[in-house]
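Observations on the three-dimensional arrangement
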Amino acid sequence: MASPSLPPGTAPIKPEFLVSVQPRDVPDDDAAEGSTRHVNGRPDAVPGEGNVDEGGKRLSGAQRKKLQKEDRKKQRGANKGRRFQKVRDEVELCFKIAGGKDCEFGNECRFTHDVTAYLAAKPRDIHFPSCEDLSDQPPFVRLPDVEMGDSGDASESKTSLDPTTTCAIFQHTGDCKHGLKCRFLGNHAKTDEDGKLELIVDEEKKARLAAAETEVNFIDADTLRKIRTKKYPHPVADAYLKELQNSTNDEKKAESTVPAAADSLTTPRDTADITEKTAGIPDVEITETVEKVQDDTPDVPLRFMEKKRLHWTGKTYLAPLTTVGNLPFRRLCADYGADITCGERTFVHLTVGLAMSFLQGSKEEWSLVRKHPSESIFGMQIAGSKPQLLVPAAEIIGRECAGNLDFVDVNCGCPIDLVYKTGSGSALLDAAGRLGKILVGMNKALGDIPVTVKLRTGVKDGKNTAHKLMPRLQSEFGASAITLHGRTRQQRYTKLADWDYIKECVDTVRAREADEDLPPVPIFGGGDCFSSEDYWYKMDNYGVDGVMIGRGALIKPWIFTEIKEQREWDISSRERLELVRKYAEYGLNHFGSDTAGVNTTRRYLCEALSFQYRYIPIGLLEMLPSRINDRAPAFRGRDELETLLASPDSRDWVRVSEMFLGPAPESWTFTPKHKSNAYGNEDAQG
């Protein structure tokens, strides 16, 4: 059969699998990175759109233009309009009562203590299938025949239990913290002689597996309160910032008659090196009483050469990814061979619309530093614009996560407008002096925890500047590793990454290291890596110590296995469904097995599927390797499951989630990061 003519840039799919030669719509990775807006389920809907105002009065052309401009301004920003809500139980049982404990609030508790009423209203258990229950033929998941009563009578509430189901938390730790609220209760509950439901705890498993499965870097409520109320002491940061302020005041006096030089790469400050200014920071002196937690604060901060060296050559590195780079996804990638993982980007600033400030003690923000024991080399990424914010945050991180954090990465690459305009992310590329003060201060505050930097080639397309900044990062600012994404901020994903320029930057850094007799720091490149062949070609030809992988891992998390085994894996649809099952299991273990946890897991699973559907099985391709920017024409898989997993319809992603997490509640909606149809609004499905 002759191959039909495909448009340029289209994936070369074998003719027998083609449904249409026209390529599908290209997912907008720029939008997914931070400019997506979904209003009322339609990707491009603008509130107030039309020729009439709220009162029905016809508007003039100038009025319509002004209204549209205001609406566009309101909707500008990272993922505006993406609606996510917590789905809770119809009757909310007190968490302590659910776990078999006494509630200190008694009758004043705002949640019910009536277990019988709760169990009567509780939906039937969700069946979590085993790997043996999966198939590549419909219905894809085999469900057991378990009789469960639909009666609302309290005496029959026990029939809502499914004894064949599996609770991810109980299986991993021997004790489900959600107790009676667990949606997989049948796995760890039994009826006693009096007909009452009794929770089961596997003490042997709890003692044997808890340490290997327990997440670390939990920040307790008392610590968060101290951070929020600004009572958490950070003496090293305070001393550094004070010295920095004194240096700035001295400069202003000395330059009172001379115009200040611009703080940029192209017009470097004509002053002493930043490290020289701050090297004389005295031993920490604070008048207030320092609590015992601060007793181990070093009198003299470590010098850069005393930092823990990072030996990362040849390691596989999963990029820090906002939203989708959560702990369950990182665990999945670690299972497939990712050596280095990094938590989601955390913002440290007070700007409305980005995130609650790290320094405001936000529970959600601090939860991003959690690590699973399977993550062998783990770091967190932090974004901010000023030393006054990042240095104190670094000191808190270094103390609270001591022993469970291998590095802290400073984001100098985020291209999102809302981040850039605050002076954070890629804005730091044109503010080398400010970046230097941040890195020097963080190095002092973090003790022996290394500081790394992720950056882009520059801000404006065609005006690369990274070759000027990168040689300074180690020698002047103390960076312990560098990652360069081969695109400018302005370019985003419109063109391929410039790997020739990455090599130029690597050579520039190595030349300075040789001149100053410095030990080499690991340098990773990033951009467009989507296959084992591509990875090893970049390793052999561009001088990097490794390749950071982002989009490639989102589309096919098994890319790390391909790299380690130096092969292209024609993964089957059933193996991919097992991957989805594992993600759901890890999600329940992390987010919880109660109703809220189940639907939070569902949300992030659908986010993952919104990338994974873009994978084209290599057995369907006429030539290898596949390329990440190739557009896929409409195609069918080798079996029905492979076709389902390639569906761009978000309703199918929800359908896949229901195989492991039960039916989605009627009130549940999902809006993906990409500009594609949202689930929960039938009109939006076209």
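Here the structure is a predicted model, which means the values were calculated and not measured.

**Observations regarding the environment of W653**
You can see W653 is positioned in helix α23 (residues 650–661). By relative accessible area, which is 3% here, W653 ends up buried. Along the primary structure W653 and S610 are separated by 43 residues, whereas in three dimensions their C-alpha atoms are 7.4 Å apart.

**Description of the pattern of salt bridges**
Counting across every chain of the model gives 32 salt bridges. With a shortest N-O distance of 3.4 Å, K206 and D175 are connected by a salt bridge. Taken as a pair, K206 in helix α6 (residues 203–213) and D175 in the loop between α5 (168–173) and β2 (189–191) lie far apart in primary sequence, 31 residues in all. Of the residues examined, K206 reaches a relative accessible area of 34% and is grouped as partly exposed. Taking the relative accessible area as the measure of exposure, D175 reaches 27% and is therefore partly exposed.

**Considerations on the side chain of E344**
By the secondary structure assignment, E344 is in the loop between β5 (340–342) and β6 (346–347). At 5.3 Å, R330 is the nearest oppositely charged side chain to E344, a buried residue that forms no salt bridge. Reaching out from E344, the side chain makes a polar contact with the backbone nitrogen of T323 at a distance of 2.8 Å. Aside from chain neighbours lying at most four places away, what touches E344 is L321, T322, T323, G325, N326, R330, L368 and Q381.

**Examining the nonpolar core**
Ranked by internal contacts, the top residues of the largest apolar core, which has 148 residues, are I382, M442, L455, M470 and L473. Sequence-distant contacts of L455, that is, excluding residues within four places in its chain, are made with C412, G413, L429, A466, L469, M470, L473, I482, T483, L484 and H485. In terms of nonpolar packing, the next biggest core, distinct from the first, is built from twelve residues, C103, L119, L185 and A189 among them.

**Examining the packing of helix α20 (residues 573–591) against helix α21 (residues 595–612)**
How two helices pack is summed up by the angle between their axes together with the distance between the axes. Close contact between α20 and α21 brings their axes to 9 Å; oriented N to C, the two are set at 145 degrees. In the crossing of α20 with α21, the sense of the turn from one axis to the other is right-handed. Only G597, V598, T600, T601, Y604, L605, A608, L609 and Q612 of α21 make contact with α20, whose side of the interface consists of R576, L579, V580, Y583, A584, G587, L588 and F591. Counted by class, the contact of α20 with α21 contains eleven nonpolar, five polar and one charged residues.

**Notes on the packing of helix α8 (residues 235–254) against helix α14 (residues 432–445)**
α14 packs onto α8 with a crossing angle of 150 degrees between their chain directions and a minimal axis gap of 9 Å. Judged by the twist between their axes, the crossing of α8 over α14 is right-handed. Only K437, V440, G441, K444 and A445 of α14 make contact with α8, whose side of the interface consists of V236, Y240 and L244. Here the residues of the contact of α8 with α14 are counted per class, giving five nonpolar, one polar and two charged.

**Section: helix α17 (residues 532–541)**
Of the residues making up α17, those classed as buried are S532, D534, Y535, K538 and M539. The arc that holds the buried residues of α17, viewed along the axis, is 165 degrees, so those residues lie on one side. Taken together, the buried residues of α17 touch α16 (499–515), β12 (546–549) and α19 (559–565). Note on α17: the residue one or two positions beyond its end, G543, has a positive phi of about 75 degrees.

**Focus on helix α15 (residues 466–475)**
Those residues of α15 that sit buried are A466, L469, M470, P471, L473 and Q474. The elements touched by buried residues of α15 are α14, β9 (451–458), β10 (481–488), α16 and β11 (523–526).

**Description of the pairing of β9**
A large share of β9 lies buried, amounting to eight of its eight residues. Relative to β9, strand β8 (residues 407–412) runs parallel, the two sharing five bridges. When the sheet's bridge partners are listed, V408 is paired in β9 with V451. Relative to β10, β9 is paired through six bridges, and the arrangement is parallel. Residue pairing across strands places V453 opposite I482, the latter belonging to β10. Where the polypeptide runs from β9 across α15 and back to β10, its parallel neighbour, the crossover connection is right-handed.

**As for the side chain of E476**
Counting through the fold element by element, E476 comes out in the loop between α15 and β10. Judged by relative accessible area, E476 falls into the buried class, the value being 13%. Of note is the side chain of E476, whose polar atom sits 3.1 Å from the side chain of R512.

**A closer look at the packing of aromatic side chains**
Tallied over the full model, the rule gives 16 aromatic pairs. Here W312 and F407 contribute two aromatic rings whose centre-to-centre distance is 4.9 Å and whose plane-to-plane angle is 70 degrees, an arrangement assigned as edge-to-face. Within this pair, whereas W312 is found in the loop between α9 (274–278) and β4 (317–318), its partner F407 is found in strand β8, the two being separated by 95 residues in sequence. Across the pair, exposure class does not vary: W312 and F407 are buried alike. When the ring of Y537 is compared with that of Y542, the centres are 6.1 Å apart and the planes differ by 70 degrees; the resulting orientation is edge-to-face. Within the aromatic cluster, the residues linked to one another by ring pairs are W312, Y317, F407 and F524. Cation over ring: R331 sits above Y586, and NZ or CZ is 3.7 Å from the ring centre. One cation-aromatic arrangement involves R602 over W668; the distance from NZ or CZ to the ring centre is 5.8 Å.

**Some words on unusual backbone geometry**
The omega angle of the peptide bond from P138 to P139 is 5 degrees, so this bond is cis rather than trans. By secondary structure assignment, the location of P139 is in the loop between α4 (115–121) and α5. Here the amide bond leading from L624 into P625 is cis, since omega sits at 0 degrees, within 30 degrees of zero. Even without being a glycine, Q566 presents a positive backbone phi close to 50 degrees.

Procedures and definitions
- Residues numbered from 1 in each chain as written.
- Predicted model: local features only at pLDDT ≥ 70, side-chain atom pairs only at ≥ 80, totals over all residues.
- Heavy atoms only, no water.
- Helix = DSSP H or I, 4+ residues; strand = E, 2+ residues; numbered from the N terminus.
- Buried < 20%, exposed > 50% of the residue type's maximum accessible area, 1.4 Å probe, protein only.
- Salt bridge = Lys/Arg side-chain N within 4 Å of Asp/Glu carboxyl O.
- Lys, Arg positive; Asp, Glu negative; His and termini not counted.
- Polar contact = N/O pair within 3.5 Å; in protein donor to acceptor, adjacent residues only side chain to side chain.
- Contact = heavy atoms within 4.5 Å.
- Core = buried A, V, L, I, M, F, W, Y, C linked by side-chain atoms within 4.5 Å.
- Axes fitted to C-alpha atoms, helices over the stretch in contact; angles between N-to-C directions.
- Left-handed = near helix turned anticlockwise from the far one by under 90°.
- Nonpolar A, V, L, I, M, F, W, Y, C, P; charged D, E, K, R; others polar.
- Arc of directions from axis to C-beta.
- Pairing = 2+ DSSP bridges.
- Right-handed = clockwise from strand over helix to strand, strands pointing away.
- Phe/Tyr/Trp six-rings, centres within 6.5 Å; stacked < 30°, edge-to-face > 60°.
- Lys NZ or Arg CZ within 6 Å of the ring centre and 35° of its normal.

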